[in-house]
Amino acid sequence: MNSQKIEMEVCVDSLQSALNAFKGGASRIELCSSLNDGGLTPSLGFYLQVKSELTIPIFIMIRPRPGYDFVYSPGDIQIMKNDIKQFKENGAEGFVFGALTKDRSIDVEACKILMEIANPLPVTFHRAFDLVADPFKSLDAIIDLGFSRVLSSGQKPSTEKGVDLIKKLVKHADNRLIIMPGGGINISNLTMILQETGVKEFHASASKQVEFFEKSSYVISVFGAAASSIKITDVELVKDLVSEYEKCMKKHVL
């Protein structure tokens, strides 16, 4: 068993979620806006407020627009450059970004530009990785670029279904960077994922759907059903995930 303490990263898009993740025992925050869109770049004001209230590292999602192509125009890249500079100047501890070409390869040139600005802070290549045509060639490119981590569900809708590829990626990475599984991780599948892959970090939202009002029929009538509730990171869900990993350690299953 490796005695290294696991890192639980929680993705959040609200101040309450950030506070709940911290209270629950998360070791790092991935700060986003609009998780319904897969996570976009948060505002500086949002980041500064979270930073003033938390004492754990905050990694900033750098993603300038919705859409799951991750193929960025020169204008998009300029926005990303500006955002990285701005957050870096304000004490961000790390970043999360990624860029692809139209043939579903790593956009090495775009990533190189962004990595130079982010340096020396750690950077995670996000789940754009789950769209690449050749995961092992792409992993080598990401390592060569200097990324610290890759976030992946194993190119499946959930980590549970992508365990086989994640296991192979961990072996291929050979400690050159961290493979961090994320996507559908919960209390019922965490132990299996840890046992099968041997990963030392994982990523989750640990969230629950919360209704805005006791009776939301009026909100629904004006804005539609999707507007009547929001997902918020739950303190107890975070605690449960942390506890589950600790049980794994005690049983020497890792």
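As a reminder, the structure under discussion sits directly above these lines.
Residues numbered from 1 in each chain as written. Predicted model: local features only at pLDDT ≥ 70, side-chain atom pairs only at ≥ 80, totals over all residues. Heavy atoms only, no water.

### As for the environment of Ala-21
Logical step 1: Among the secondary structure elements, Ala-21 is positioned in helix α1 (residues 15-24).
Logical step 2: Distance in space between the C-alpha atoms of Ala-21 and Phe-125 is 22 Å, their sequence separation being 104 residues.
Logical step 3: If sequence neighbours within four positions are ignored, Ala-21 has contacts with Val-10, Val-12, Ala-26, Ile-29, Thr-233 and Val-238. (Helix = DSSP H or I, 4+ residues; strand = E, 2+ residues; numbered from the N terminus. Contact = heavy atoms within 4.5 Å.)

### Concerning the packing of aromatic side chains
Remark: the centre distance and the inter-plane angle together describe each pair of aromatic rings, the angle taken between the planes.
Logical step 1: Counting across every chain of the model gives 4 aromatic pairs.
Logical step 2: Centroid distance Tyr-47 to Phe-87: 5.5 Å. Interplanar angle 85°. Geometry classified as edge-to-face. Taken together, the positions of Tyr-47 in helix α2 (residues 44-53) and Phe-87 in helix α3 (residues 74-89) put the pair 40 residues apart, joining distant regions of the chain. You'll find Tyr-47 and Phe-87 in the same group, each marked buried.
Logical step 3: Aromatic side chains Phe-125 and Phe-147 sit 5.3 Å apart centroid to centroid with 70° between the ring planes, which places their arrangement in the edge-to-face category. Linking Phe-125 in strand β5 (residues 123-125) with Phe-147 in the loop between α5 (135-145) and β6 (149-152), this pair joins segments that are 22 residues apart in sequence. No difference in accessibility class separates Phe-125 from Phe-147, as the two residues are buried.
Logical step 4: The ring of Tyr-68 is capped by Arg-63, whose NZ or CZ atom sits 5.1 Å from the centre of that ring. (Phe/Tyr/Trp six-rings, centres within 6.5 Å; stacked < 30°, edge-to-face > 60°. Buried < 20%, exposed > 50% of the residue type's maximum accessible area, 1.4 Å probe, protein only. Lys NZ or Arg CZ within 6 Å of the ring centre and 35° of its normal.)

### Here we look at the packing of α1 against α2
Logical step 1: Packing of α1 against α2 leaves a shortest axis separation of 10 Å and a crossing angle of 25°. Our classification of the angle between α1 and α2 gives roughly parallel. For the pair α1 and α2, the sense of crossing is right-handed. Residues Leu-15, Ala-18, Leu-19 and Phe-22 of α1 touch α2, and the partners they reach there are Phe-46, Gln-49, Val-50 and Glu-53.
Logical step 2: Taken together, the residues of the contact of α1 with α2 sort by class into 6 nonpolar, 1 polar and 1 charged. (Axes fitted to C-alpha atoms, helices over the stretch in contact; angles between N-to-C directions. Parallel < 35°, antiparallel > 145°, perpendicular 65-115°, else oblique. Left-handed = near helix turned anticlockwise from the far one by under 90°. Nonpolar A, V, L, I, M, F, W, Y, C, P; charged D, E, K, R; others polar.)

### With respect to the sheet that holds strand β4 (residues 94-97)
Logical step 1: If you trace the 8 strands from one edge of the open sheet to the other, you get β7-β6-β5-β4-β3-β2-β1-β8, paired in parallel fashion. Of all the strands in the sheet, the pair left with one neighbour each is β7 (178-181) and β8 (201-204). Neighbouring strand axes in the sheet, compared pairwise and without regard to direction, differ in orientation by 25° on average.
Logical step 2: Summarising the sheet, β5 and β6 pair through 2 bridges and their orientation is parallel. In the strand pairing of β6, Phe-125 is matched with Val-150.
Logical step 3: Helix-sheet contacts for helix α6 (residues 163-173) involve β6 and β7, and the interaxial angle to β7 is about 165°. (Pairing = 2+ DSSP bridges.)

### Some remarks on helix α4 (residues 108-118)
Logical step 1: Within the sequence span of α4, burial applies to Ala-110, Cys-111, Leu-114, Met-115, Ile-117 and Ala-118. Looking down the long axis of α4, one finds its buried residues gathered within 160° of arc, a one-sided arrangement. The exposed set on the far side of α4, more than 90 degrees from its buried face, consists of Glu-109 and Glu-116.
Logical step 2: Where α4 is buried, its residues meet α3, β4, β5 and α5. (Arc of directions from axis to C-beta.)

### Overview of the pattern of salt bridges
Logical step 1: Summed over the entire model, instances satisfying the criterion amount to 11 salt bridges.
Logical step 2: Between Asp-69 and Arg-65 there is a salt bridge, with the nearest N and O atoms lying 3.1 Å from each other.
Logical step 3: For Arg-65, a relative accessible area of 22% gives the class partly exposed.
Logical step 4: For Arg-127, the salt bridge identified is with Asp-130, shortest N-O distance 2.8 Å. (Salt bridge = Lys/Arg side-chain N within 4 Å of Asp/Glu carboxyl O.)

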